[in-house]
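Topology and contacts: notes
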Amino acid sequence: MLEKVYDTLRGILFHELPKNAKNQIVIFDRPVTGFYIGEQGQKPNGISFTFKGSSSPLKDIAFGLQEFEHSLSIDISVGADTIETTERVTQEATRLVLSILRKHRRMWVVESCPICNKFTLNPQHFTVDHNAIFSTYTSTVTNEFNNLWSDTHNPDIAAPSIPASGLAAEAFIRMYNDVGAGVTVTNLPTTARNNILRMRADNVEPVRMLYDVLCNDIKSSDDATNKQLFRNGTITIRAKELVRQLYFGPDNVPTTAY
């Protein structure tokens, strides 16, 4: 559930943190030597980031709609030559990570593209890199939106443009559902179709959005004297996610199931 959220956070940080000539993330010219998912027993004596989860409580919002409230943390581990250097690097690394995450109060969480296997941080990848497949869907979505707008607003009020990422997300979901329904999608390779069918069989949500993303607890350094030259900074993140739930039972289990 949180796996792709970790990947998304890691991708955002890698894209926005300062880098050296070797394309390595650096804090005070010291390279970050590891990105880990899940707690590690041993870490390098340098700078590393660890992404780990805590809980994801779920509650009903309305009929057919539920909400997750995810809680996860990023540990920033630093080991240096002196206690003062370790403390300063830990504080700076935590500050930089926090300054980036504060700008992402909403974020897309996108599965690897079933067409080219590329991992992306924005669904616009689908309409930019695979326009031959999605152009028809984007036109349909835009026309339906404009028709709905004209039915519900005065004629002198022009319909706004749909945000490009939202348009791409809706186009992809429609294509994704068409493949599941057995519809032939123009220009969609057979391998991509099979990948989508596998995703559907695995109940994958291909495009998600986290909202109300908030860094609500920041510990710039643990200042642990028993760890000698090793320090940890921790940023705790909470984020909400709305999900559709169309089936509630009890009659959604066939008589042949056991």
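Notes on the structure follow.

The rules we used
Residues numbered from 1 in each chain as written. Predicted model: local features only at pLDDT ≥ 70, side-chain atom pairs only at ≥ 80, totals over all residues. Heavy atoms only, no water. Phe/Tyr/Trp six-rings, centres within 6.5 Å; stacked < 30°, edge-to-face > 60°. Helix = DSSP H or I, 4+ residues; strand = E, 2+ residues; numbered from the N terminus. Buried < 20%, exposed > 50% of the residue type's maximum accessible area, 1.4 Å probe, protein only. 1 Å grid on protein atoms, 1.4 Å probe; cavity = no way out; pocket = protein on both sides within 12 Å on 5 of 7 lines; lining within 4 Å. Points joined across faces, edges and corners; volume = space filled by probe spheres on them. Nonpolar A, V, L, I, M, F, W, Y, C, P; charged D, E, K, R; others polar.

1. Examining the packing of aromatic side chains
Applying the stated rule across the entire model yields eight aromatic pairs. Ring geometry for phenylalanine 35 and phenylalanine 49: centres 5.3 Å apart, planes at 85°, overall edge-to-face. Of this pair, phenylalanine 35 sits in strand E2 (residues 30-37) while phenylalanine 49 sits in strand E3 (residues 47-55), placing them 14 residues apart in sequence. Among the residues examined, phenylalanine 35 registers a relative accessible area of 23% and is labelled partly exposed. For phenylalanine 49, a relative accessible area of 0% gives the class buried.

2. Focus: the environment of aspartate 251
If you trace the backbone, aspartate 251 turns up in the segment after strand E8 (230-244). Taking the C-alpha atoms as reference points, aspartate 251 and asparagine 194, 57 residues apart in sequence, are found 30 Å from one another.

3. Focus on the layout of surface pockets
Approximately 1,200 Å³ is the volume found for the largest pocket. Elements with a minimum of two residues in the lining of the largest pocket: strand E5 (65-79), helix H5 (164-180), strand E7 (207-219) and E8. Element by element, the count of residues in the lining of the largest pocket is highest for H5, at six residues. Here the residues of the lining of the largest pocket sort into 17 nonpolar, six polar and eight charged. By volume, the second largest pocket amounts to about 230 Å³. Lining the second largest pocket are Thr8, Ile12, His15, Glu16, His104, Arg106, Met107, Trp108, Leu121, Asn122, Ser165 and Met209. Of all the secondary-structure elements, those providing two or more residues to the lining of the second largest pocket are helix H1 (3-16) and strand E6 (107-110). If you tally residues by element for the lining of the second largest pocket, the top one is H1, at four residues. Here the lining of the second largest pocket is composed, by residue class, of five nonpolar, five polar and two charged.

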